[in-house]
Amino acid sequence: KIEKNVPTMEKEPELLNILEVDGVPLPVLSKEWWDKICNFQAKPDDLILATYPKSGTHWMQEILDMIQNDGDVEKCKTDHSLHRHPFLELKFPHKEKPDLEIALEMSSPRLIKTHLPSHLIPPSIWKENCKIVYVARNPKDCLVSYYHFQRMASFLPDPQNLEEFYEKFILGKVLYGSWFDHVKGWWAAKDTHRILYLFYEDIKKNPKHEIHKVLEFLDKTVSEDVVNKIVHHTSFDVMKDNPMANHTAVPSHIFNHSISKFMRKGMPGDWKNHFTVAMNENFDKHYEKKMARSTLNFCPDI
Ligand code: A3P
């Protein structure tokens, strides 16, 4: 089923500025800001969370925050998730300053999120050998989630309809560029850097198992009670009712939850409710071509 003629919302005039870097469209304020991002000075104890958009960034953020706070839910509820940890390259319309400035003022250890492809990461992150958690998600679900997100986020271009967004996604003509290049780039980077590469679908299937992987990667030990608490606090049902995690605190002219919720479906396979047979076959062909030479064994047909 394809949604046609999605009603357009009253868009705020303030769309994020889009800067093309190496052919990748990025939501970066200006060339000067891009230079500042490139010159960002990482610290060895910075923890970086990298994802392609709509791959479960805020889910993993909540998991990492719970781990860093030893399972203390109250500490993870001190602020809205968009405010708790900065997004390296972004300036949100409802914030006074770019997140980069917020990151510079933060005390260590910092948790910093980014959607940048691996080849555009500030060099100091590699140089300081920062630990990086990367989460990848089935591209078909990413596409559908991204489409709905662009409908509800007034600072992003209106996606028009699913067919148009589908074409742009396949060609990598959406913000942050090609999903295929993103997941492959980070997959290759993990051979030479401290990167824990995780999959959204695995976390969904066995959150405890994946949380244990994260704990090991971070050299953290917590009791099994705490692990259970993390699983519970970061489950979709709990996060969707947590105002510090579900983005309902963001002003409605920025995130319009009446169009689509940020915590929308939270499950693998929703693409089946959106793709036609032809769209699916075409996507699979494209996937084969783009992923042929990668050792990344990502099954798009979950
Ligand atoms: P859907 O739109 O498919 O529901 P990001 O944080 O990278 O923007 O990703 C958002 C996607 O992750 C949304 O997907 C959202 O519902 C999903 N998500 C957020 N928290 C989740 C959780 N605890 N469990 C499963 N999915 C979650």
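Residues numbered from 1 in each chain as written. Predicted model: local features only at pLDDT ≥ 70, side-chain atom pairs only at ≥ 80, totals over all residues. Heavy atoms only, no water.

Chemist: Please clarify how the overall build of the protein chain should be interpreted in this entry.
Modeler: The helix and strand tally for the protein chain stands at 14 helices and 6 strands. Relative to the compact-globule value of 19 Å for 302 residues, the protein chain shows a C-alpha radius of gyration of 18 Å, a close match. Taken along the three principal axes of its C-alpha coordinates, the protein chain extends 50 × 40 × 40 Å. Excluding contacts between residues fewer than 6 apart, the proportion of contacts in the protein chain whose partners are at least 24 apart in sequence is 75%. Summed over all atoms, the accessible surface of the protein chain reaches about 13600 Å², with 51% contributed by carbon and sulfur. (Helix = DSSP H or I, 4+ residues; strand = E, 2+ residues; numbered from the N terminus. Rg over C-alpha atoms; globule rule 2.2 N^0.38 Å. Contact = heavy atoms within 4.5 Å. Areas by Shrake-Rupley, 256 points an atom, 1.4 Å probe, with all protein chains shown as cover.)

Chemist: I tried to follow empty space enclosed by the protein on my own but got confused; where do I start?
Modeler: A water-sized probe, rolled over the atoms, reveals where empty space remains. All chains considered together, the criterion is met by 2 cavities of 30 Å³ or more. Around the largest cavity, the lining is made up of 39 residues, and of these Lys-54, His-58, Ser-145, Phe-149 and Phe-262 lie nearest the centre. Element by element, the count of residues in the lining of the largest cavity is highest for helix H7 (residues 139-152), at 5 residues. For the lining of the largest cavity, a count of residues per class yields 21 nonpolar, 12 polar and 6 charged. (1 Å grid on protein atoms, 1.4 Å probe; cavity = no way out; pocket = protein on both sides within 12 Å on 5 of 7 lines; lining within 4 Å. Points joined across faces, edges and corners; volume = space filled by probe spheres on them. Nonpolar A, V, L, I, M, F, W, Y, C, P; charged D, E, K, R; others polar.)

Chemist: Looking at this structure, how should I read the site of the ligand?
Modeler: Around the ligand sit 19 residues in total, of which Thr-57, Ser-145, Tyr-200, Lys-265 and Gly-266 are the nearest. Contacts to the ligand include Tyr-200, whose side-chain N or O atom sits 2.7 Å from a nitrogen atom. Of all the cavities here, the one that holds the ligand is the largest cavity. If you list the elements that add at least two residues to the shell around the ligand, you get helix H2 (57-68), helix H10 (200-205) and helix H13 (236-240). It is H2 that contributes the most residues to the shell around the ligand, 3 residues altogether. (Near = heavy atom within 4 Å. Polar contact = N/O pair within 3.5 Å; in protein donor to acceptor, adjacent residues only side chain to side chain. Sits in = over half its atoms within 2 Å of the grid points.)

Chemist: How should H7 be read in this particular structure?
Modeler: Here H7 is 14 residues long and its end C-alpha atoms lie 20 Å apart, about the 20 Å a rise of 1.5 Å per residue gives. Burial runs high along H7: 14 of the 14 residues are buried. Its side-chain oxygen placed 2.7 Å from the backbone nitrogen of Lys-140, Asn-138 serves as the N-cap of H7. (Expected span 1.5 Å × (residues − 1). Buried < 20%, exposed > 50% of the residue type's maximum accessible area, 1.4 Å probe, protein only.)

Chemist: Hey, could you run me through the nonpolar core in this one?
Modeler: Taken as a class, soluble globular proteins show a tendency for nonpolar side chains to be buried jointly. Ranked by size, the top nonpolar core spans 99 residues in total, and within it Met-60, Phe-169 and Trp-179 carry the most contacts. No other element matches H7, which puts 7 residues into this core. (Core = buried A, V, L, I, M, F, W, Y, C linked by side-chain atoms within 4.5 Å.)

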